[in-house]
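# Understanding the architecture of this molecule
Residue-level listing of the chains:
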Amino acid sequence: MNAPTEQPARLTVATCSLAGCFGCHMSFLDVDERIVELAQLVTFDRSPLTDVKHCSERVDVGLIEGGLCNVENVEVLREFRASCRYLVAVGSCAITGGVPAVRNKFTLESCLREAYIDAPGIDNPHIPCDPEIPLLLNKVRPIHEVVRVDYVLPGCPPPAEAFWELLTALIAGREPELAYEHRRFD
Amino acid sequence: MASPLGQSVTLHDIAARHLHARHRLLQMLREVQASRSYVPEEAIQFFAHVLNLPIAHVRGCVEFYSFLHTTPRGQFDVYFSDSVTDRMAGSEIVAKRLADRLGVTLGQPRADGRVTVSMTSCTGHCEQAPAGLANGRVFTRMTEARIEKMASLIEHGVPVSEWPAEWFHVDDGIRERGITLETFIPPGEAIRTALARGLPATLDEVERSGLQGRGGAGFPVGRKWRGAYETKGAHYITCNADEGEPGTFKDRVLLAKYADELFEGMTIAGLLVGAKKGYVYMRGEYEYMMEGLQTVLEERRAAGLLGENICESGLDFDLRIHLGAGAYVCGEQSALLESLEGKRGIPRVRPPSAVKIGLFGQSTINNNVESFVQAAQIAWKGAEWFSDHGETKSRGTKLLSIAGDCQRPGIYELPLGITVREVLARCGGENAKAVQVGGPAGTCVGRDEFDRRVSYADLATGGSIMVFNDLRDMVDVARQFAHFFAHESCGFCTPCRVGTQMLKHYADKIADGQGTQRDLEQVKSIGEFVKGYSHCGLGETAPNTLLDTIKRFPEEYTSRLLAEADFVPDFDLDASVTESRALTGRQDQLDQVHSD
Amino acid sequence: MSETKNTFTLDGQPVVFEAGQTIMNAALAAGHYIPHLCHHREFKPHGSCKVCTVRVNGWLSASCTTPASAGAKVESEAPDIQEARRRIVQMLFIEGNHFCPFCVKSGNCQLQAVAYHLGMEDTSLPHRFPSRAMDASHPDVVLDRDRCINCSLCVRASRDADGKDLFGLSGRGIDTHLVVNSSTGLLKDTNIDANDRAIQVCPTGALLVKRRGYEQPIGERRFDAQAIECEFESKY
């Protein structure tokens, strides 16, 4: 067997999740066997798929799902943004705040009271304040309010075809164009 | 507000005094507000019932106007004028001082119900700033010393009517008189002259004079009158005395000292088109002039100048004065008509114009106070008396209200076509670096444009001239105007309703030193969008000062931008964990806001 | 030619109109879609959302309220206009709380469909995340004001089609909101019915019939396979 020839223009791709459900990552994997093809075209960098925790110095495409719930999300997003040439906001949570942002209708205090103090069956009711737990933001935010975003993949989750189109377009050096049925907000 | 009504006035009394007329709903609600410090739910239900209006209509009206409230205000309800020039004279400082002394948060009634201290849009007394309203009465020249006294009077529950009279003194503010301010018409003389000449011939005279709408838009008054004259059916005459453009206060002096001339002009228009009724729509802030105006109306009725068979002409015409309740948009002609009909002040769809379908669906002549005054003078003195002044495309003189960084703020009557430089020389504003002509909705010009002319062909204005010297921060001026429009947008159309909020957001971000070049581009792009896609003149002009100052004072913006930053968050990250810190008792610091 | 007497051009295509017709209604009748949200053929035009703005002889104007005029040159799909329309829809999204993934109207929602039509993929502006009162008091109908875009279609439909006059707009500026015309301000004290036209015409998920959600599977909903313009255009 011949070793694959190294292509100098091989793109590096990183993925990351903030306040989301990893559903976007799962949908990405729905490209199924094409992941093999993709692996020949790109190098995966930081990602739960590779278990690499931080980006290499420079990544070409960074896919990020989830919105900003807490200060850790903000730090991760900023580090990720700084490493990526193109940042792609993936899915409803990254683009609009999504399901976690439903709490924005309520004060943070009422949310925490409901969860940790008033709910039935709680031992030692108190609002957790372990320094290991990142502070929550007053409101959940979409990522475009904190960093520059280059591309978006709408959807909850975006269909595998949308991931495929975005990555193959960037590999080919053209602007991605999502077909009508792949450009969904739900 | 300043009305003598007490709590004892029943809702029945109020409805009865207004003859259960639906279009007087706003007037009724104002009286409820004045006597009860708010419009209780009970009143909403009551008026809906007795006027046979949907509850949603009455509620909609209450929730639209700034001076109507659904929850109690303080027994003392104090507003400070929030115009840029009032701020320059210290309005914010005196307002905060009063709030501190009384232990209240701005805009919120004190727990014991004693007092509310708030800011309100320009009250039209800029040359006597800081100005404001105490239970509806206008006060001027507020000082920190007076604030100390005011706080004590409020704490002791002394009624506003017993406060020192000099606080409520309003100067007429006239600095320079021209043909209009020098011409007092003996009551009835202009009407008699018009009737003697013939009403159609008087219309020719008004047309020939070249008089253009003095509210700022400059539509030829004669052409408007002719349009109504040639429209069949019933007619109304309405006068826009809403004077809400920040920095404009010239109609104030006309209403105070030239009411006869105003009513004479409206009457001539009424007789011409066969209108039976006219309305003056006066901003709520000018309520203190109501009594004087009613007296003039009574005198004119007694003299046969209003009512039936005016000056033996066989024609009838009468006038009523309606008060606004704190809504800048009601200065827009069609919003004014909606408000006169007792509705929310939402600008109508055009066409049709008000001349075709105006008040109560009838042909309506709506003009500014100054336009009617000058029309009456033209009817009396002839077209040339007027058209000999001004320049070819902008005839006559114009009343200008000048405030800000000048030695002699006040009202100046000057020929149209005068340069900004000359205006500045007269008011002692030679040190100006910028002049805002026409209020926040107008144009901001810098030093190299001071040879431009105040006229309909160049810098149009309804009268507002604001002067800014080198010490003024134009980014902050533009930010304040952005706040003004966001507050005053009626909310009807998306571009203005949301767009003015976005402009406010980015103006704040930039003024607070958190803006980037990207944010500046957003202001330009959203600004052009709001101008192009809004429903009425409010949105079409709301971005003007931001766009003008970005163009004319770019260095004031660029020096504020975070030059190195590509992107700065749209909200204050550190402030966004305050709730979390308070709930957990932790003091974690977020990294300083930085670029990515 | 006599035809020019009652014809204007829409992006170069001739459109015949009847006297008194608006540009919008003439265009729709002729099978040309102009995106819109506050407009509905059955009701008096309102002209507030401004999504339907076109350029008429060089002047921007809402096509739903602008009378058609002979020989007018109307531009609808110019890039700058489409850009502005996208921005309007983005503004409507960030003004309220429009969470498509868990809204029962998703797939049948005109706000969403117009966004798709205009190629909108994200909101790009800072979200306001308002907290507006929800009215779930009625046994059959729910009003979620967070999804209301102040289009007033329910106001008009309730008044003009249902003959009930159950709604109105209140407040000012960004605080503009829908109010219910009852003594308590709640739907439970109205005679609203699940079959009212007012509910059917809501272009978003603001007014919904209870217990009637997710009836069609994803893929079979109104705008899943077919874009909104297909419902209007004769070419489809």
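Being a predicted model, the structure only gives us computed values, none of them experimental. (Residues numbered from 1 in each chain as written. Chains lettered and ligands numbered in written order. Predicted model: local features only at pLDDT ≥ 70, side-chain atom pairs only at ≥ 80, totals over all residues. Heavy atoms only, no water.)

Right, let's talk about the interface of chain A and chain C for a bit. Listed per partner, the contact involves 24 residues of chain A and 30 residues of chain C. Roughly 2,300 Å² of surface becomes buried between chain A and chain C when both sides are summed, with 59% attributable to carbon and sulfur atoms. Inspection of the chain A/chain C interface yields 3 salt bridges. In this structure, Arg-221 of chain C engages Asp-186 of chain A in a salt bridge whose closest nitrogen and oxygen atoms are separated by 2.8 Å. Across the contact surface, chain A and chain C share 11 residue pairs in polar contact (both at pLDDT 80 or more). Broken down by secondary-structure element, the contributors of at least two residues to the side of chain A that touches chain C are helix H4 (91-96) and strand E6 (136-141) of chain A. A class-by-class count of the residues in the side of chain A that touches chain C yields 12 nonpolar, 5 polar and 7 charged. (Contact = heavy atoms within 4.5 Å. Buried area = accessible area lost by both parts, 1.4 Å probe. Salt bridge = Lys/Arg side-chain N within 4 Å of Asp/Glu carboxyl O. Polar contact = N/O pair within 3.5 Å; in protein donor to acceptor, adjacent residues only side chain to side chain. Helix = DSSP H or I, 4+ residues; strand = E, 2+ residues; numbered from the N terminus. Nonpolar A, V, L, I, M, F, W, Y, C, P; charged D, E, K, R; others polar.)

This part covers the layout of surface pockets. There is about 1,400 Å³ of room inside the second largest pocket. Taken together, 48 residues line the second largest pocket, and the ones lying closest to its centre are Glu-338 and Lys-343 of chain B together with Lys-44, His-46 and Arg-159 of chain C. Sorting the residues of the lining of the second largest pocket by element identifies helix H4 (55-62) and helix H15 (333-340) of chain B together with helix H4 (153-160) and strand E8 (167-170) of chain C as the ones contributing at least two each. In terms of residues, the lining of the second largest pocket owes the most to one element, H15 of chain B, which gives 4 residues. (1 Å grid on protein atoms, 1.4 Å probe; cavity = no way out; pocket = protein on both sides within 12 Å on 5 of 7 lines; lining within 4 Å. Points joined across faces, edges and corners; volume = space filled by probe spheres on them.)

Residues and elements named next belong to chain B. Strand order across the open sheet formed by 6 strands is E5-E13-E12-E18-E15-E16, with mixed pairing between neighbours. With one partner strand each, in any of the chains shown, strand E5 (174-176) and strand E16 (443-446) form the two edges of the open sheet. Sheet twist, expressed as the average angle between the axes of neighbouring strands with direction ignored, equals 30 degrees. In terms of strand pairing, strand E15 (residues 432-437) meets E16 through 4 bridges, oriented antiparallel. Counted as the bridge partner of Ala-434 is Gly-446 from E16. Helix-sheet contacts for helix H12 (residues 250-257) involve E5, strand E12 (397-404) and strand E13 (410-415), and the interaxial angle to E12 is about 120 degrees. (Pairing = 2+ DSSP bridges. Axes fitted to C-alpha atoms, helices over the stretch in contact; angles between N-to-C directions.)

All names here are of chain A. Burial runs high along strand E5 (residues 84-90): 5 of the 7 residues are buried. In this structure, strand E3 (residues 59-65) lies alongside E5, joined through 6 bridges in parallel fashion. Within E5, the position partnered with Gly-62 by the bridge is Leu-87. Pairing of E5 with strand E7 (residues 151-153), which is carried by 3 bridges, proceeds in the parallel orientation. For Val-88, the partnering residue across the bridge sits in E7 and is Tyr-151. (Buried < 20%, exposed > 50% of the residue type's maximum accessible area, 1.4 Å probe, protein only.)

Turning next to the domain arrangement of chain B. Residue and element names in this part refer to chain B. Each assigned domain of chain B is listed with its residue range as follows: domain 1 (11-62), domain 2 (76-168), domain 3 (175-388) and domain 4 (391-472). Between the C-alpha centres of domain 2 and domain 4 there is a distance of 29 Å. Interface area for domain 2 against domain 4, summed over the two sides, is near 540 Å², with a carbon-plus-sulfur share of 81%. Looking only at domain 2, the three residues that lose the most surface to domain 4 are Thr-85, Met-88 and Glu-127, adding up to 79% of its buried area. The tally of links between domain 2 and domain 4 comes to 0 salt bridges. Here domain 2 is connected to domain 4 by 0 residue pairs in polar contact (both at pLDDT 80 or more). (Domains from an automatic or database assignment.)

The next subject is the sheet that holds strand E7 (residues 277-282) of chain B. Residues and elements named next belong to chain B. Pairing within the open sheet is parallel, and its 4 strands lie in the order E8-E7-E6-E9. Of all the strands in the sheet, just strand E8 (318-323) and strand E9 (363-368) have a single pairing partner and so form its edges. Within this sheet the neighbouring strands show an average axis-to-axis angle of 20 degrees, counted without direction. Pairing of strand E6 (residues 235-241) with E7 involves 6 bridges; the strand directions are parallel. Its bridge partner being in E7, Cys-239 is matched across the sheet by Val-280. Helix H11 (residues 221-229) contacts E6 and E9 of the sheet and is inclined by roughly 165 degrees relative to E9. Most of the contacts of helix H14 (residues 290-302) go to E8, to which it runs at about 170 degrees, and overall it touches E7 and E8.

As a further point, take a negative patch on the surface. Taken together, the side chains of Asp-30, Asp-32, Glu-33 and Glu-37 of chain A make up a negatively charged region of the molecular surface. Tracing the sequence through the fold places Glu-33 of chain A in the loop between helix H1 (23-29) and helix H2 (34-41). (Patch = residues over 30% accessible without salt bridge, like charges linked within 9 Å, V, L, I, M, F, W, Y side chains within 5 Å. Areas by Shrake-Rupley, 256 points an atom, 1.4 Å probe, with all protein chains shown as cover. Lys, Arg positive; Asp, Glu negative; His and termini not counted. Charge placed at Lys NZ, Arg CZ, Asp CG, Glu CD.)

Okay, the pattern of salt bridges next. All names here are of chain B. Tallying each qualifying case throughout the model produces 75 salt bridges over all chains. Of the charged contacts, one joins Arg-97 and Glu-144 as a salt bridge, the two residues approaching to 2.4 Å between their closest N and O atoms. With Arg-97 in helix H6 (residues 91-102) and Glu-144 in helix H7 (residues 144-155), this pair connects stretches of sequence that are 47 residues apart. According to the relative accessible area criterion, Arg-97 is partly exposed, its value standing at 26%. We classify Glu-144 as partly exposed; its relative accessible area is 33%. Between Asp-318 and Arg-301 there is a salt bridge, and its shortest N-O distance comes to 3.0 Å.

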